[in-house]
Amino acid sequence: MSETIIQPLTELTPAYRALVESASAATKTAYAPYSRFHVGATLLFADGSSHSGANFENVSYGLSLCAETVAMASASAAGRLKGLVAIAIAAEGELAAAITGEFIAPCGRCRQVLAEAVSICGHDIEVLMLSRDGLRVRSTTARALLPLAFGL
Ligand code: THU
């Protein structure tokens, strides 16, 4: 695939559309009483299975965990990070209006966690970011999101 591509959600393949919709659904499981910004992330594996996570905040704000990291760490703990082919990210909440940029992009820390997943899997991972209005998806890869990553 090219380095980044933007498409209407309705033009994705059925599997990728379901992946993005699953990330949207995962926003409902966020624990985000402090930011009120609910983020969901769903991982897609080569066998067609998936695994979701959501952000998990803490009253000590800096301890909060992002949805992408929760999804990857819990998948790893379940022994299933190998075979990861894609991750979709979606968000909803009051903070969404304050965020610059149309698409919900992974933070820098999550990009480094994604870089580790690339190492574990031995291949690049597609990253699908839903727009704040939920209508469009920007697709890129973990490697493109973190050039010159430490350890890669
Ligand atoms: N957040 C994520 O879950 N993923 C990101 O890539 C960026 C930010 C969460 C962390 C925090 O709970 C809330 O969004 C506001 O920053």
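What counts, and at which threshold
- Residues numbered from 1 in each chain as written.
- Predicted model: local features only at pLDDT ≥ 70, side-chain atom pairs only at ≥ 80, totals over all residues.
- Heavy atoms only, no water.
- Phe/Tyr/Trp six-rings, centres within 6.5 Å; stacked < 30°, edge-to-face > 60°.
- Helix = DSSP H or I, 4+ residues; strand = E, 2+ residues; numbered from the N terminus.
- Buried < 20%, exposed > 50% of the residue type's maximum accessible area, 1.4 Å probe, protein only.
- Expected span 1.5 Å × (residues − 1).
- Arc of directions from axis to C-beta.
- Contact = heavy atoms within 4.5 Å.
- 1 Å grid on protein atoms, 1.4 Å probe; cavity = no way out; pocket = protein on both sides within 12 Å on 5 of 7 lines; lining within 4 Å.
- Points joined across faces, edges and corners; volume = space filled by probe spheres on them.
- Nonpolar A, V, L, I, M, F, W, Y, C, P; charged D, E, K, R; others polar.
- Near = heavy atom within 4 Å.
- Polar contact = N/O pair within 3.5 Å; in protein donor to acceptor, adjacent residues only side chain to side chain.
- Areas by Shrake-Rupley, 256 points an atom, 1.4 Å probe, with all protein chains shown as cover.
- Sits in = over half its atoms within 2 Å of the grid points.

Visitor: Is there a simple way to explain the packing of aromatic side chains in this structure?
Guide: For any pair of aromatic rings, the description rests on two quantities: the centre-to-centre distance and the angle between the ring planes. Inspection of the entire model under this criterion finds two aromatic pairs. Judged by centre distance (5.8 Å) and plane angle (50°), the ring pair of Y31 and F56 falls under tilted. Of the two residues, Y31 sits in the loop between α1 (14-26) and β2 (37-45) while F56 sits in the loop between β3 (50-54) and α2 (67-77), which places them 25 residues apart along the sequence. Centre to centre, the rings of Y34 and Y61 are 5.5 Å apart; their planes meet at 40°, and the pair counts as tilted. Here the residue Y34 occupies a position in the loop between α1 and β2, and Y61 occupies one in the loop between β3 and α2, the gap between them amounting to 27 residues. With a relative accessible area of 36%, Y34 lands in the partly exposed category.

Visitor: Explain helix α3 (residues 108-121) here, please?
Guide: Along an α-helix, residues three or four positions apart point the same way, because every turn accommodates 3.6 residues. The end-to-end C-alpha distance of α3 is 20 Å, a good match for the 20 Å that 14 residues give at a rise of 1.5 Å each. Within the sequence span of α3, burial applies to C110, L114, A115, A117, V118 and C121. For α3, the buried positions fall inside an angular range of 160° around the axis, keeping them on one side. The inward-facing, buried residues of α3 contact α2, β4 (84-93), β5 (126-130) and α4 (142-145). In the segment just after α3, G122 is the residue with positive phi, at about 80°.

Visitor: Would you mind going over the layout of surface pockets with me for this structure?
Guide: Unoccupied space between atoms shows up once a probe the size of one water molecule is rolled over them. A volume near 250 Å³ is recorded for the largest pocket. As for the largest pocket, its lining consists of 18 residues, of which F37, V39, C66, E68 and C107 are closest to the centre. At the level of secondary structure, the elements contributing two or more residues to the lining of the largest pocket comprise β2 and α2. The class makeup of the residues in the lining of the largest pocket is 12 nonpolar, four polar and two charged.

Visitor: Mind showing me how you'd approach the site of the ligand here?
Guide: In the vicinity of the ligand there are 12 residues, among which N55, E57, A67, E68 and C107 approach most closely. At 2.7 Å, a side-chain N or O of E68 approaches an oxygen atom of the ligand. A distance of 3.0 Å separates an oxygen atom of the ligand from a polar backbone atom of C107. In isolation the ligand exposes 370 Å². Once the protein is present, 80% of that is buried. A molecule is said to occupy a pocket when more than half its atoms come within 2 Å of that pocket's grid points, and by this definition the ligand occupies the largest pocket. Those elements giving two or more residues to the shell around the ligand turn out to be β2 and α2. Along the lines of polarity and charge, the residues of the shell around the ligand split into eight nonpolar, two polar and two charged.

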